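Commentary on secondary and tertiary structure
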Amino acid sequence: MKLNANTVRKALINNQIVISKYVQGKIDKRGYSKRDLIKCIWTGEITNNQVCAGKLRVVLEGLDAHDNAVVCIIGMNEKDSKQLKIFNLFPPISEDYKRVI
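Residues numbered from 1 in each chain as written. Predicted model: local features only at pLDDT ≥ 70, side-chain atom pairs only at ≥ 80, totals over all residues. Heavy atoms only, no water.

Another point: the pairing of strand E2 (residues 45-52). One ladder, built from seven bridges, connects E2 with strand E3 (residues 55-63); its direction is antiparallel. Each residue of the ladder has a partner; that of glutamine 50, found in E3, is arginine 57. Between E2 and E3, which pair antiparallel and follow one another directly, the connecting turn spans two residues, one of which, alanine 53, has a positive phi of 55°. (Pairing = 2+ DSSP bridges. Helix = DSSP H or I, 4+ residues; strand = E, 2+ residues; numbered from the N terminus.)

This is the structure in structure tokens:
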């Protein structure tokens, strides 16, 4: 599966995106919700590709439910190749991102 913005959005529509309990806990701790994640995917654009442990991940920069900038790291699920996995969701506080808070 090739990772681009349309592929990620199709996976969202087809309920093929998973979040581990650990990542969900990190997202909750930062004050984000699933609504923020969904809006980030719909409004976001892929700004960078990463390879971590031999697996492709993309950096998706978008907006949260309150129209603030947010960054999402998405990649292939190791357990099921037809699913995508959320690896992180965080505010862009580094100068490496297009929209910095």
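Moving on: the pattern of salt bridges. A side chain with one charge may pair with a side chain of the opposite charge, provided their charged atoms come close. By the definition in use, this model includes two salt bridges. Salt-bridge contacts for lysine 39 lead to aspartate 67; the nearest nitrogen and oxygen are separated by 2.4 Å. On the criterion of sequence distance, the pair formed by lysine 39 in helix H3 (residues 34-43) and aspartate 67 in the loop between E3 and strand E4 (69-76) is long-range, its members being 28 residues apart. Given the relative accessible area of 25%, lysine 39 is considered partly exposed. Residue aspartate 67 is classed as partly exposed on the basis of its relative accessible area of 49%. Among the salt bridges present, the one from glutamate 78 reaches lysine 85, with a minimum N-O distance of 3.5 Å. For glutamate 78, a relative accessible area of 42% corresponds to the partly exposed category. Taking relative accessible area as the criterion, lysine 85 reaches 17% and is therefore assigned buried. (Salt bridge = Lys/Arg side-chain N within 4 Å of Asp/Glu carboxyl O. Buried < 20%, exposed > 50% of the residue type's maximum accessible area, 1.4 Å probe, protein only.)

When we look at burial in helix H2 (residues 21-29), the residues that qualify are Val23, Gln24 and Ile27. Buried residues of H2, seen end-on, are gathered within an arc of 100° and therefore sit on one face of the element. The exposed residues of H2 that point more than 90 degrees off its buried face are Lys21, Tyr22 and Lys29. Of the surrounding secondary structure, the elements contacted by the buried residues of H2 are strand E1 (17-19), H3 and strand E5 (84-90). (Arc of directions from axis to C-beta. Contact = heavy atoms within 4.5 Å.)

In this section: the packing of helix H1 (residues 5-13) against H3. The contact between H1 and H3 brings their axes to 9 Å, and the two run at 140°. Taken together, the axis directions place H1 and H3 in an arrangement best described as oblique. Of the two possible hands of crossing, H1 and H3 adopt the one that is left-handed. Touching Val8, Arg9, Leu12 and Ile13 of H1 are Ile38, Ile41, Trp42 and Thr43, all from H3. (Axes fitted to C-alpha atoms, helices over the stretch in contact; angles between N-to-C directions. Parallel < 35°, antiparallel > 145°, perpendicular 65-115°, else oblique. Left-handed = near helix turned anticlockwise from the far one by under 90°.)

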